Amino acid sequence: MYKNHLLKGALLLTAAGVFSRIIGFFYRIFLSRTFGAEQMGIYELISPVLALSFALCTSAIQSSISKFTAAEPEAAIYAKRRILLTGLSVSFVLSCLCTLFVWREADFISDFLLKETRCAPLLKIAALSFPAACIHSCINGYYYGIRKSFLPAFCQVFEQCFRVGSVFLFWEYSRNNGVAFSINVAAVGLVIGEFASLIAALAASWLHFLKQKYM
């Protein structure tokens, strides 16, 4: 039974990952052709800052939630919920501090670390996505722990679709109304995608715990 859950979960996450990568592949082509290679390069420069921020705020916490949740008996729903809320609270505080730091020090990071002053607006916008990303990552960690991979897989695809869809809608609006947009719109799309994934994760987890309460 455990092996079947593991296999199904692995296949589901692999399929979601492949699908998201395909969307991302065409999305990058769209950004490159729309904003040019130089603007695309500026956008890519913020990736290490985002990856480092995510690692500091939630990577270890997500893994811990999965590990401790999996170690609890199946019926210990209150213990599992406490693990999730504890990890989520710590991750949320860290993500808010990280958002504040990146927002305030965006000029310093851009000038002295990335060596590109035009990265500052991108960093300020992208920093707003940290709390949302951390919360739904913790929820995903909980679902990994209870061996239910559908929600993490769904959130991955949902986030990517909202990110790409929102940027495409901005582009359509700018083209039809003669409004000029910079690559900053890609960072806005990142924030929209993360918050869309957050809403889906919160709704699913609320329904999950509500169902467990009345079982």
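Everything discussed here concerns the structure shown above.
Just so we're clear, the structure is a prediction, and the values are computed from it rather than from any experiment.

## As for a nonpolar patch on the surface
Then, in step 1: A grouping of V18, I22, F25, F26 and I29 is seen on the molecular surface, where their side chains present a nonpolar patch of about 470 Å² in accessible area.
Then, in step 2: Within the element layout of this structure, I22 appears in helix 1 (residues 2–45).

## As for the packing of helix 6 (residues 130–145) against helix 7 (residues 150–177)
The description of two packed helices rests on the angle between their axes and on the distance between the axes.
Then, in step 1: Here helix 6 crosses helix 7 at 145°, and the two axes come no closer than 8 Å. Note on element contacts: helix 7 touches helix 6 through L151, P152 and C155, opposite I139, N140, Y143 and Y144.
Then, in step 2: The residue makeup of the contact of helix 6 with helix 7, split by class, is six nonpolar, one polar and no charged.

## Observations regarding the packing of helix 2 (residues 47–71) against helix 3 (residues 77–104)
Then, in step 1: Following both chains from N to C, one finds helix 2 and helix 3 inclined at 175°, their axes separated by 9 Å at the closest point. The angle between helix 2 and helix 3 falls in the class roughly antiparallel. In this structure, helix 2 uses S53, L56, C57, T58, I61, I65, F68 and T69 to contact helix 3, whose residues at the interface are K80, I83, L84, G87, L88, V90, S91, L94, S95, C98 and V102.
Then, in step 2: Split by residue class, the contact of helix 2 with helix 3 holds twelve nonpolar, six polar and one charged.

## Considering the environment of A196
Then, in step 1: With respect to the element layout, A196 can be found in helix 8 (residues 184–213).
Then, in step 2: Exposure remark for A196: the relative accessible area of 8% places this residue in the buried category.

## Considering unusual backbone geometry
Then, in step 1: Positive phi values are uncommon outside glycine, yet K115 reaches one of about 60°.
Then, in step 2: Looking at the element boundaries, K115 is found in the loop between helix 4 (106–113) and helix 5 (120–127).

## Here's the deal with the environment of F181
Then, in step 1: You can see F181 is positioned in the loop between helix 7 and helix 8.
Then, in step 2: Relative accessible area serves as the criterion here: at 36%, F181 is assigned to the partly exposed category.
Then, in step 3: The spacing of F181 and L128 is 53 residues in sequence and 19 Å in space, taken between C-alpha atoms.
Then, in step 4: With sequence-adjacent residues up to four places away left out, F181 is seen in contact with F35, F170, Y173 and S174.

About the criteria used
- Residues numbered from 1 in each chain as written.
- Predicted model: local features only at pLDDT ≥ 70, side-chain atom pairs only at ≥ 80, totals over all residues.
- Heavy atoms only, no water.
- Patch = residues over 30% accessible without salt bridge, like charges linked within 9 Å, V, L, I, M, F, W, Y side chains within 5 Å.
- Areas by Shrake-Rupley, 256 points an atom, 1.4 Å probe, with all protein chains shown as cover.
- Salt bridge = Lys/Arg side-chain N within 4 Å of Asp/Glu carboxyl O.
- Helix = DSSP H or I, 4+ residues; strand = E, 2+ residues; numbered from the N terminus.
- Axes fitted to C-alpha atoms, helices over the stretch in contact; angles between N-to-C directions.
- Contact = heavy atoms within 4.5 Å.
- Nonpolar A, V, L, I, M, F, W, Y, C, P; charged D, E, K, R; others polar.
- Parallel < 35°, antiparallel > 145°, perpendicular 65-115°, else oblique.
- Buried < 20%, exposed > 50% of the residue type's maximum accessible area, 1.4 Å probe, protein only.

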